Amino acid sequence: MIKLNRVTKMYMRNRALYDVDLELTKGKIIGIVGPNGSGKSTILKIIAGLTHPSKGNVTVNEVKVDRLIANQVSYLSELDEYYGFYNVGQTIDFFATQFQDFNKEKAEEIRKFMKLDRDSKLKHLSKGNRGRLKIVLTLSREVPVILMDEPLSGLDPMVRDSIVKGLISFIDLENQIILITTHEIKEIEMILDEVIAIKDGDIIGHHNVDDLRSEKNMGIVEWMTEIYR
Amino acid sequence: MTAWLNLTKKELRLGLPAFIMPIVAFFIIVAISAYFGNRYGFLGETITAVAFAATAIQVFYLVYYFIHSLSTEKKKMHLWLHNPMPAYKLILAKLVAAITTMAVTFIITGTTFLLALNSTKIIPIEIPWTYVMELGFLGSIHLLLLAINLAVLFLFFWMIFLLFTRTLGNFASFALSFLLFMVLNGFLYGWVTSSALYDTLTMWGSINLGDILSSASVNFNLEMGADITGETSELIIYLGTYLFDAIQTVILFFASCWILDRKVEV
């Protein structure tokens, strides 16, 4: 479904990704972990067609990725930016007009689950509610690939919990693949099928989470502690 | 089409501050100048001058609108660019929104100008009103064409600026883009347009627009008020020039779209 073939990304002389090979199939929730600046966000942006590889190529469902891959990929940015003149309902309605695959009924369902008021102005929303809205907008799209860059970052435990529950409830694992970058590993460990560890632009580990538990008797945090040592 | 129309509606909403500000500023300046003009007994003349200046300056309106819209969008590029529409549709939505707001602003300042001009009776009797209206119409079309040309030129250099920001800071990117603009637009464009080849390419398809106002002199004194005298001469335009500028604008537009689609990064 998602294929990165020898992908390198350079920013001037800085190497964000180096010779990354990755093949991911649908029906999984995959966590991408690593320290700040390791290349996690770059991988997601490259798959979303919002950043271009310096070398190598990327395909989603056999289609070479460019910006127009947005019709198959739902991308949630780590940035907390919206069109501030809209309220919650208008933002949902605007997204519904831009993406043919946007399911408005599902959006309403997730919005109610997240306890977001349709009439709340975005500029008056708390950080937690802005995080919840991002989840509404991202998960309401019926696309094969969902990319979430730090969806839990800077949010309090209650919001994190509601987002994780939202993820479990509203994704279609038979048809979708979800990639999540995060530092809050403990919160999402239970929902991850696979974990990918990145360091300095290199993939230094890629494991099935259940295998990690059964074969190595380790959780993700213990595994990370070992490989980043 | 529905998606694009809704995007255009968003662009109109995004550009609302840029739309309102010049209109408010215009009314404030008209009010202030009317106050002072009235004190000296030149109410109509003052408003005419202010409204004319406000109308003429709109040759930069689309550039101004783009600066506001694109710099606001720069803070949320992932929102703007994570969209299945190709870049030309994204930019066209902005351009249509910009032209719409320009049209409204133009109608406001233009109508004010004509009403004020009519109230002053400073148009010499030998210049008929139909002639003034024809001139105004011709001027308006050219103002719009020039405004689009400048906006697309700005758009192209904005894309260059965005390319530079991938690796450089905002200030360095701006400075480099500006330098490139000066070199390409000041030197290269100047060199091309002053060449014999340019004349060969553009000076065809002449259209004689007839006698048209070629100069106007305004005499203004406290005793007599304003007095405008005009001279007319034949005005010939060349279709080749229009085609050359149109091709240049289309090339720059699609080059900008290509850069936005293929090179600009979030």
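Residues numbered from 1 in each chain as written. Chains lettered and ligands numbered in written order. Predicted model: local features only at pLDDT ≥ 70, side-chain atom pairs only at ≥ 80, totals over all residues. Heavy atoms only, no water.

Asker: Explain the overall build of chain A to me, please; I cannot follow it from the model alone.
Answerer: A tally of regular secondary structure across chain A gives 8 helices and 10 strands. Whereas a compact globule of 229 residues would reach a radius of gyration of roughly 17 Å, chain A reaches 17 Å, a difference of no more than 12%. Seen through its C-alpha atoms, chain A measures out along the principal axes to roughly 45 × 35 × 35 Å. Expressed as a percentage of its 229 residues, the buried residues of chain A come to 57%. Contacts spanning at least 24 positions in sequence make up 69% of the contacts within chain A whose residues lie at least 6 apart. (Helix = DSSP H or I, 4+ residues; strand = E, 2+ residues; numbered from the N terminus. Rg over C-alpha atoms; globule rule 2.2 N^0.38 Å. Buried < 20%, exposed > 50% of the residue type's maximum accessible area, 1.4 Å probe, protein only. Contact = heavy atoms within 4.5 Å.)

Asker: Which parts of the structure should I look at to understand the sheet that holds strand 7 (residues 145-149) of chain A?
Answerer: Two strands in a sheet stick together by hydrogen bonds in their backbones, pointing the same way (parallel) or opposite ways (antiparallel). All names here are of chain A. In spatial order, the strands read 6-7-8-3-9-10; together these 6 strands make up an open sheet with mixed pairing. Here the strands that pair on one side only, and so sit at the sheet edges, are strand 6 (73-76) and strand 10 (202-208). When the angles between neighbouring strand axes are averaged without regard to direction, this sheet yields 15°. Contacts from helix 4 (residues 127-139) reach strand 6 and strand 7, with the element oriented near 165° to strand 7. (Pairing = 2+ DSSP bridges. Axes fitted to C-alpha atoms, helices over the stretch in contact; angles between N-to-C directions.)

Asker: When you look at the interface of chain B and chain A in this model, what are you seeing that I'm missing?
Answerer: Note on interface size: it is often stated as the accessible area lost on association of the parts. Counting from both sides, the interface comprises 29 residues of chain B and, opposite them, 28 residues of chain A. Summing both sides of the interface, chain B and chain A together bury roughly 2600 Å²; the carbon and sulfur share of this comes to 58%. When the area that chain B buries against chain A is broken down by residue, the three leading residues are H78, H82 and P84 of chain B, summing to 26%. The interface formed by chain B and chain A contains 4 salt bridges. (Buried area = accessible area lost by both parts, 1.4 Å probe. Salt bridge = Lys/Arg side-chain N within 4 Å of Asp/Glu carboxyl O.)

Asker: What exactly am I supposed to notice about the packing of aromatic side chains here?
Answerer: A ring pair, where both rings are aromatic, is described by two values, the distance of the centres and the angle of the planes. In the structure shown here, the tally under the stated rule is 20 aromatic pairs over all chains. The interplanar angle of 90° and the centroid separation of 4.9 Å between the aromatic rings of Y198 of chain B and F244 of chain B together place this pair among those described as edge-to-face. Here Y198 of chain B is found in helix 9 (residues 196-202), whereas its partner F244 of chain B is found in helix 10 (residues 239-262), with 46 residues between them in sequence. By relative accessible area, F244 of chain B is classed as partly exposed at 22%. In textbook terms, an aromatic cluster arises when at least three aromatic residues are bridged by ring pairs, as seen for Y83, F85, Y86, F94, F95 and F99 of chain A. (Phe/Tyr/Trp six-rings, centres within 6.5 Å; stacked < 30°, edge-to-face > 60°.)

Asker: Looking at this model, I keep getting lost on the pairing of strand 9 (residues 194-199) of chain A. Mind explaining?
Answerer: The side chains of a regular strand alternate between both faces of the sheet. All names here are of chain A. In terms of burial, strand 9 is a largely internal element, 5 of the 6 residues being buried. Looking at chain direction, strand 3 (residues 29-33) and strand 9 are connected through 4 bridges and run parallel. Opposite I32, over in strand 9, you have I196 as the bridge partner. Bridge analysis of strand 9 against strand 10 gives 6 bridges, and the strand direction is antiparallel. Its bridge partner lying in strand 10, I196 is registered against H206. With antiparallel pairing between neighbouring strands as the criterion, strand 9 and strand 10 make up a hairpin whose turn holds 2 residues, including D200 at a positive phi of roughly 50°.

Asker: Explain the sheet that holds strand 2 (residues 14-24) of chain A here, please?
Answerer: Residues and elements named next belong to chain A. In spatial order, the strands read 2-1-4-5; together these 4 strands make up an open sheet with antiparallel pairing. Where the open sheet ends on each side, the last strands, each with one partner, are strand 2 and strand 5 (63-64). Where strand 1 (residues 2-11) and strand 2 come together, 7 bridges link them in antiparallel fashion. Opposite I2, over in strand 2, you have L24 as the bridge partner. Each of strand 1, strand 2 and strand 4 (55-60) touches helix 1 (residues 40-47); the most contacted strand, strand 1, lies at about 120° to it.

Asker: I'm lost on the pairing of strand 1 of chain A in this one. Help?
Answerer: All names here are of chain A. Hairpin geometry of strand 1 and strand 2 is characterised by an intervening segment of 2 residues between the two adjacent antiparallel strands and by a positive phi of about 55° at M12. One ladder, built from 5 bridges, connects strand 1 with strand 4; its direction is antiparallel. Of the residues in strand 4, the one forming a bridge with K3 is T59.

Asker: Can you walk me through the side chain of Q72 of chain A in this structure?
Answerer: Residue and element names in this part refer to chain A. One can find Q72 in the loop between strand 5 and strand 6. Assessed through its relative accessible area of 16%, Q72 is described here as buried. Polar contacts involving the side chain of Q72 include one to the side chain of N61, which spans 3.0 Å. Q72 has contacts with V60, N61, V63, R141, V143, P144 and V145, leaving out every residue within four places of it along the chain. (Polar contact = N/O pair within 3.5 Å; in protein donor to acceptor, adjacent residues only side chain to side chain.)

Asker: Looking at this structure, how should I read the UniProt feature "transmembrane region" (unreviewed entry) in chain B?
Answerer: Residues given the UniProt feature "transmembrane region" (unreviewed entry) here are residues 12-35, 47-67, 88-117, 137-164, 171-192 and 235-260 of chain B. Structurally, residues 235-260 of chain B comprises 85% helix and 15% strand, and the distance from its first C-alpha atom to its last is 40 Å. (UniProt positions renumbered as here; feature names shortened; annotations may be inferred.)

Asker: Explain the pattern of salt bridges to me, please; I cannot follow it from the model alone.
Answerer: Pairing between side chains of opposite charge can happen when their charged atoms approach one another. Taken as a whole, this structure holds 21 salt bridges over all chains when the rule is applied. Across the pair D66 of chain A and R262 of chain B runs a salt bridge whose closest N-O atoms are separated by 4.0 Å. Of this pair, D66 of chain A sits in the loop between strand 5 and strand 6 while R262 of chain B sits in helix 10, on two different chains. Since its relative accessible area comes to 22%, D66 of chain A is described here as partly exposed. Residue class for R262 of chain B comes out partly exposed when judged on its relative accessible area of 47%. Between E187 of chain A and R160 of chain A there is a salt bridge, with the nearest N and O atoms lying 2.6 Å from each other. Here the residue E187 of chain A occupies a position in helix 6 (residues 185-188), and R160 of chain A occupies one in helix 5 (residues 157-170), the gap between them amounting to 27 residues. Look at E187 of chain A and you get partly exposed, because its relative accessible area is 22%. Look at the salt bridges and you will find they share partners, linking D93, K104, E108, R111 and R118 of chain A into a network.

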